[in-house]
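So you can see what is in the structure, the chains are spelled out below.
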Amino acid sequence: KQEVTQIPAALSVPEGENLVLNCSFTDSAIYNLQWFRQDPGKGLTSLLLIQSSQREQTSGRLNASLDKSSGRSTLYIAASQPGDSATYLCAVNNQGGKLIFGQGTELSVKP
Amino acid sequence: SAVISQKPSRDICQRGTSLTIQCQVDSQVTMMFWYRQQPGQSLTLIATANQGSEATYESGFVIDKFPISRPNLTFSTLTVSNLSPEDSSIYLCSVGGDGQPQHFGDGTRLSIL
């Protein structure tokens with residue numbers, strides 16, 4: 001059974017810092033992995049999708065990496081801003097489009 | 001990316017009643033998914049809804065409690081039946097396939113009195 005773990009559960013950083021969020025999964029037989037952002041009281045916003053054959057994806061200040069063999073993914077946020085404050089979720093797709101989510105990392109960026 | 005509209009955005013219901021949540025997509029999609037997010041928790045898949053077939057439920061979720069309809073390729077409903085306080089959650093629908101990003105609606109926030 002696939003299990004997804006995110007570390008740390010919460011993170012507080014000053015504005016401008018670069019930071020890394022971690023995601024690990026137990027079953028390496030995945031189709032892809034997706035990172036989401038969830039603002040309080042809101043739905044999920046897709047940030048990046050990494051296919052199983054890819055090593056990384058980039059969008060603006062965000063870079064996500066995938067090491068399928070070791071069951072790990074990281075989300076790197078460069079030059080963090082207060083507007084980046086949110087909960088970040090990673091989810092793996094094992095089959096049929098069904099996503100298995102981690103518990104999320106709650107990020108707070110202080111001005 | 002697909003635009004997903006969910007209704008209602010929130011509701012407060014009495015115990016023992018039912019709530020039907022609607023999910024409308026602005027394009028035709030094969031697969032639609034329903035998730036639950038309990039307070040302070042992450043998302044858990046309830047079921048996968050494909051047009052023209054019965055929904056496929058995950059372990060711990062049953063059709064009598066969470067009946068789903070998928071009448072066409074742009075619409076689905078999830079009903080939460082016989083409501084109890086434990087059903088207080090956010091319910092979200094999503095669309096996407098194996099190779100494409102999944103996109104979510106804004107969710108329905110359900111509270112039970």
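This one's a predicted model, so the numbers in the text were calculated from it and none came from an experiment. (Residues numbered from 1 in each chain as written. Chains lettered and ligands numbered in written order. Predicted model: local features only at pLDDT ≥ 70, side-chain atom pairs only at ≥ 80, totals over all residues. Heavy atoms only, no water.)

J.: Hey, could you run me through the pattern of salt bridges in this one?
T.: Pairs can form between side chains of opposite charge whenever their charged atoms are close. Residues and elements named next belong to chain A. Summed over the entire model, instances satisfying the criterion amount to 4 salt bridges over all chains. Across the pair Asp39 and Arg37 runs a salt bridge whose closest N-O atoms are separated by 3.0 Å. When its relative accessible area of 24% is taken as the criterion, Asp39 is described as partly exposed. By relative accessible area, which is 16% here, Arg37 ends up buried. A salt bridge links Asp84 to Arg61; its shortest N-O distance comes to 2.8 Å. In this pair, Asp84 is assigned in the loop between β8 (72-77) and β9 (86-93) and Arg61 in the loop between β6 (56-59) and β7 (62-67), connecting sequence segments 23 residues apart. Classification of Arg61 by relative accessible area gives partly exposed; the value is 29%. (Salt bridge = Lys/Arg side-chain N within 4 Å of Asp/Glu carboxyl O. Buried < 20%, exposed > 50% of the residue type's maximum accessible area, 1.4 Å probe, protein only. Helix = DSSP H or I, 4+ residues; strand = E, 2+ residues; numbered from the N terminus.)

J.: Help me out: how do you make sense of the environment of Thr17 of chain B in this one?
T.: All names here are of chain B. Within the secondary structure, Thr17 sits in the loop between β2 (10-13) and β3 (19-25). Overall, Thr17 belongs to the partly exposed group, its relative accessible area being 32%. Taking the C-alpha atoms as reference points, Thr17 and Leu43, separated by 26 residues in sequence, lie 24 Å from one another. Not counting chain neighbours up to four residues away, the residues in contact with Thr17 comprise Val80, Ser81, Asn82 and Leu83. (Contact = heavy atoms within 4.5 Å.)

J.: Would you mind showing me how to read the nonpolar core here?
T.: Across soluble globular proteins, you tend to see nonpolar side chains buried next to one another. Residue and element names in this part refer to chain B. If you look at the biggest cluster of nonpolar residues, it comprises 26 residues, and the most contacted ones within it are Trp34, Ile46, Phe66, Ile68, Leu78 and Tyr91. Elements represented by at least two residues in this core include exactly β3, β4 (31-37), β5 (43-50), β8 (75-80), β9 (89-95) and β11 (108-112). Leaving out residues up to four positions away in the same chain, Tyr91 has contacts with Gln6, Ile21, Tyr35, Arg36, Ile46, Phe66, Leu78, Val80, Gly107, Thr108 and Leu110. (Core = buried A, V, L, I, M, F, W, Y, C linked by side-chain atoms within 4.5 Å.)

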